[in-house]
Amino acid sequence: MNRVTPYGAAQSVTGSCHLVELLGLKILIDCGMFQGEFGLEKNYDDFEFDVNEIDYLIITHGHLDHIGRVPKLVKDGFNGVIIATQATKEIANIMLNDSAKILKEEYKTLRRKAKRRGDEKRITEPLYTIDHVKEVFLKEWQILEYRKELNLSKDVAITFGDAGHILGSAFVMIDYKDKESKKRVVFSGDIGSKERMILDPLDTLSSADTLFIESTYGDRNHRSLKESIKEFKETVINTLKRDGNVIIPSFAIERTQEILWLLNNMQADGELPKCQVFLDSPLATKATRLYAKYPVHLNEELELHAQENGNPFKFASLNISATKQESLLINKVKSRAIIIAGSGMCHGGRIMHHLKHRLWNEKNCVIFVGFQVEGTLGREIINGYEYVKIYGEDIIVKAQVETINGFSAHAGQNDMIEWMSNIRDLKNLYLIHGEKDKMKIFTQKIKEELDLDAKIVKYAEIVEL
Ligand SMILES: [Zn+2]
């Protein structure tokens, strides 16, 4: 029987993992980490399928909610082939190594909590270590670039389309023969909006019988990229002109490179007042190197820039802080610094000491450029808390706080409708990777615009193909 079973990202946005059983093959699409909503403990549960029976693991892109449990999969006996784009493989390498370091710290807290509940048997060691991550990269990898077909068996072939979400991101088209007729099932992975600042746009999908589509922003459209860029530039310029400092909590992949490209342009156009820019995140620095390494995946403007002027993420006022000492030295800069640091939601990392050092001064400005989950310091600052706790100290928030919404790496509602409107003969549509209330709104919109009945799949519910 040909079927798909979701083991994550079903009525939720994390832990993406779908098992496809097709003509005798077992294919896993992504093996992501559960974050936030379920708590980290869910990652420690055993997989609900036979790990050693999986023939192929296909990775759509390098975000942790799509790759974060891959080392656990290998640790638990996965012995198949991993398929990804070259850029995704390299992003996965830096992300999983970083993840292993974080897991080591988190394990202590999780273990304490489990002990208190009398549940210590569940969590006896970190989810995985750096050594397990190494093992992932010793497995057989099959690199597949966009729009090239790869046969998995006589009757099953896959092709990646460019998903325009982050560097190397792909949607997966699986073509197979079903009793002499040709069929196609597609997994969108995460797809990008139509307007991307630095990446090539999303490829058109022209045919599919069945589509599993992400629905993170199924309920809304983003503010336009143009407006968001304008807002960003104005905020930076105004803060620097009053001799303040700009603090940007940023995600290592994609958002940091977008900000660097924007600042590079501002400098080239003479729009950027005199300042020093600090990229203070080892992870973002590594990711930026990867972005510069693959100009072919960047949009035409950046590709041209790379050919004519070199690295699009490098400019005169940019300083890269490699060590902790260099990071701390930034605190000595009194004015006109732009500090880009992680974590993007301010729940750890070097951004913490910058906030502690700068939040109390009304001359400064914190610019949030990505979503802030409930329960993070970033969310508290956005919500207008008068005081926040950093390293056990109460810090008064006097700095200007700005949130810029239009930089999302996810498609908005209209982008997804437009993408689906090009698909010939689409019969079955399943919504994954979204929150249930948002999916319901998306379902109605799909019915109105495309006259299709989209289904919201449940965790571990079998979908027959
Ligand atoms: Zn993603």
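Residues numbered from 1 in each chain as written. Predicted model: local features only at pLDDT ≥ 70, side-chain atom pairs only at ≥ 80, totals over all residues.

Digging into the packing of helix 3 (residues 86-116) against helix 4 (residues 130-138)
Helix packing geometry: the angle between the two helix axes and the distance between the axes.
Now for step 1: Relative orientation of the contacting elements helix 3 and helix 4 amounts to 160°, with a least axis distance of 8 Å. It follows that helix 3 is roughly antiparallel to helix 4 by the angle criterion. The handedness of the crossing between helix 3 and helix 4 is right-handed. On the side of helix 3, the interface is formed by Asn 93, Leu 96, Asn 97 and Ala 100, while helix 4 contributes Ile 130, Val 133, Val 136 and Phe 137.
Now for step 2: The residue makeup of the contact of helix 3 with helix 4, split by class, is six nonpolar, two polar and no charged. (Axes fitted to C-alpha atoms, helices over the stretch in contact; angles between N-to-C directions. Helix = DSSP H or I, 4+ residues; strand = E, 2+ residues; numbered from the N terminus. Parallel < 35°, antiparallel > 145°, perpendicular 65-115°, else oblique. Left-handed = near helix turned anticlockwise from the far one by under 90°. Contact = placed C-beta atoms within 7 Å. Nonpolar A, V, L, I, M, F, W, Y, C, P; charged D, E, K, R; others polar.)

A closer look at the domain arrangement of the protein
Now for step 1: Assigned domains within the protein: domain 1 (3-220 + 409-464) and domain 2 (225-403).
Now for step 2: In this complex, domain 1 contributes 17 residues to the contact, which on the side of domain 2 involves 17 residues.
Now for step 3: Residues that form the side of domain 1 that touches domain 2 fall into these classes: nine nonpolar, three polar and five charged. (Domains from an automatic or database assignment.)

Quick word on the sheet that holds strand 16 (residues 365-368)
Now for step 1: Across the sheet, which stays open at both edges, the six strands sit in the order 14-13-15-12-16-19 with parallel pairing between neighbours. The sheet is open, and its two borders are formed by strand 14 (318-320) and strand 19 (400-403), each paired with just one other strand. The average angle at which neighbouring strand axes cross in this sheet is 20°, direction not considered.
Now for step 2: For strand 13 (residues 276-280) and strand 15 (residues 337-341), the ladder comprises five bridges, and the chain directions are parallel. When the bridges of strand 15 are listed, Leu 279 appears paired with Ile 340.
Now for step 3: Against the sheet, helix 5 (residues 225-241) touches strand 12 (246-249), strand 15, strand 16 and strand 19, its axis set at about 165° to strand 16. (Pairing = 2+ DSSP bridges.)

With respect to unusual backbone geometry
Now for step 1: Cis geometry marks the peptide bond from Gly 342 to Ser 343; its omega dihedral reads 5°.
Now for step 2: Within the secondary structure, Ser 343 sits in the loop between strand 15 and helix 10 (351-358).
Now for step 3: For Tyr 391, which is not a glycine, the phi torsion comes out positive at approximately 50°.
Now for step 4: By the element assignment, Tyr 391 lies in the loop between strand 17 (387-390) and strand 18 (393-396).
Now for step 5: Overall, the presence of 9 C-beta atoms within 10 Å leaves Tyr 391 in the exposed class.
Now for step 6: One non-glycine residue, Asp 425, lies in positive phi territory at about 55°.
Now for step 7: Assignment of secondary structure puts Asp 425 in the loop between helix 12 (413-421) and strand 20 (428-432).
Now for step 8: Classification of Asp 425 by C-beta neighbours within 10 Å gives exposed; the count is 9. (Buried ≥ 20, exposed ≤ 12 C-beta atoms within 10 Å, placed from the backbone.)

Comments concerning the environment of Met 1
Now for step 1: Along the chain, Met 1 falls in the segment before strand 1 (3-6).
Now for step 2: With 7 C-beta atoms packed within 10 Å, Met 1 lands in the exposed category.

As for the sheet that holds strand 7 (residues 149-151)
Now for step 1: Reading across the sheet, the seven strands line up as 7-8-9-10-11-20-21 and stay open at both edges, with mixed pairing between neighbours. On the outer flanks of this sheet lie strand 7 and strand 21 (454-456), each paired with one strand and no other. Averaged over all pairs of adjacent strands, the angle between their axes in this sheet comes to 25°, without regard to strand direction.
Now for step 2: One ladder, built from seven bridges, connects strand 8 (residues 156-162) with strand 9 (residues 170-178); its direction is antiparallel. Directly across from Val 156, in strand 9, lies its bridge partner Tyr 176.
Now for step 3: Each of strand 20 and strand 21 is contacted by helix 13 (residues 436-450), which is oriented at about 170° to strand 21, the strand it contacts most.

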